[in-house]
Amino acid sequence: TYANIIRQVETPGTPLHDAWSELPAPALAKAYWKLPEEAMWVDCLKCMFADEANHRDVNHTLAALEADAANPFLERHSTSVARARKLRDEGGFAHVG
């Protein structure tokens, strides 16, 4: 699990700590999650963990809905799309080369 991997990366003496504790975050990950320039790989793992937890919650919520129930995430999604379009139109997207 992500929690176990993160714990191992943060625990001195483990193979994952030795391999990943000083590994910088890739530029794409820093742009995607809006991480600071000094972000490390473990920071990316923490973002992935949070994303997966959100997917889990959404999937469980949708699975529990009646077939004709309204999607409870539609309004939030619409707001996110509007914000993304505004960023695009203003040139606010990060470009990763």
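Placed above this text is the structure.
A brief report on the enclosed structure follows. (Residues numbered from 1 in each chain as written. Predicted model: local features only at pLDDT ≥ 70, side-chain atom pairs only at ≥ 80, totals over all residues. Heavy atoms only, no water.)

On to the side chain of Thr 14, then. Of note, Thr 14 is situated in the loop between helix 1 (2-9) and helix 2 (15-20). A polar side-chain atom of Thr 14 sits 2.9 Å from the main-chain carbonyl oxygen of Thr 11. (Helix = DSSP H or I, 4+ residues; strand = E, 2+ residues; numbered from the N terminus. Polar contact = N/O pair within 3.5 Å; in protein donor to acceptor, adjacent residues only side chain to side chain.)

This part is about the packing of aromatic side chains. If you walk through the whole model with that rule in mind, you get three aromatic pairs. Seen from their ring centres, Tyr 2 and Phe 49 are 6.2 Å apart, and the 25° between their planes marks the pair as stacked. With Tyr 2 in helix 1 and Phe 49 in helix 4 (residues 41-64), this pair connects stretches of sequence that are 47 residues apart. Its relative accessible area of 37% is what places Phe 49 among the partly exposed residues. The interplanar angle of 85° and the centroid separation of 6.1 Å between the aromatic rings of Trp 20 and Trp 41 together place this pair among those described as edge-to-face. Here Trp 20 is found in helix 2, whereas its partner Trp 41 is found in helix 4, with 21 residues between them in sequence. (Phe/Tyr/Trp six-rings, centres within 6.5 Å; stacked < 30°, edge-to-face > 60°. Buried < 20%, exposed > 50% of the residue type's maximum accessible area, 1.4 Å probe, protein only.)

Among the nonpolar cores identified, the biggest contains 11 residues, and these are Ile 6, Val 9, Ala 25, Ala 29, Leu 35, Ala 39, Trp 41, Val 42, Cys 44, Leu 45 and Cys 47. Taken together, the elements giving at least two residues each to this core come down to helix 1 and helix 4. When residues no more than four places from it in sequence are discounted, the contact partners of Val 42 are Ile 6, Val 9 and Glu 10. (Core = buried A, V, L, I, M, F, W, Y, C linked by side-chain atoms within 4.5 Å. Contact = heavy atoms within 4.5 Å.)

Phi at Lys 34 takes a positive value of approximately 55°, unusual for a residue other than glycine. Following the sequence through the fold, Lys 34 ends up in the loop between helix 3 (27-32) and helix 4.

The subject of this paragraph is the packing of helix 1 against helix 4. Where helix 1 meets helix 4, the axes come as close as 10 Å, and the angle between the chain directions of the two elements is 165°. Classed by the angle they form, the pair helix 1 and helix 4 counts as roughly antiparallel. The two elements helix 1 and helix 4 meet at a crossing, and its hand is left-handed. Contacts between helix 1 and helix 4 involve Tyr 2, Ala 3, Ile 5, Ile 6 and Val 9 from the first element and Val 42, Leu 45, Lys 46, Met 48, Phe 49 and Glu 52 from the second. For the contact of helix 1 with helix 4, the residue count by class is nine nonpolar, no polar and two charged. (Axes fitted to C-alpha atoms, helices over the stretch in contact; angles between N-to-C directions. Parallel < 35°, antiparallel > 145°, perpendicular 65-115°, else oblique. Left-handed = near helix turned anticlockwise from the far one by under 90°. Nonpolar A, V, L, I, M, F, W, Y, C, P; charged D, E, K, R; others polar.)

The next point concerns helix 5 (residues 74-89). For helix 5, built from 16 residues, the straight-helix expectation of 22 Å at 1.5 Å per residue is met to within 8% by its first-to-last C-alpha distance of 23 Å. Count one or two residues on from helix 5 and you reach Gly 91, which has phi positive near 75°. (Expected span 1.5 Å × (residues − 1).)

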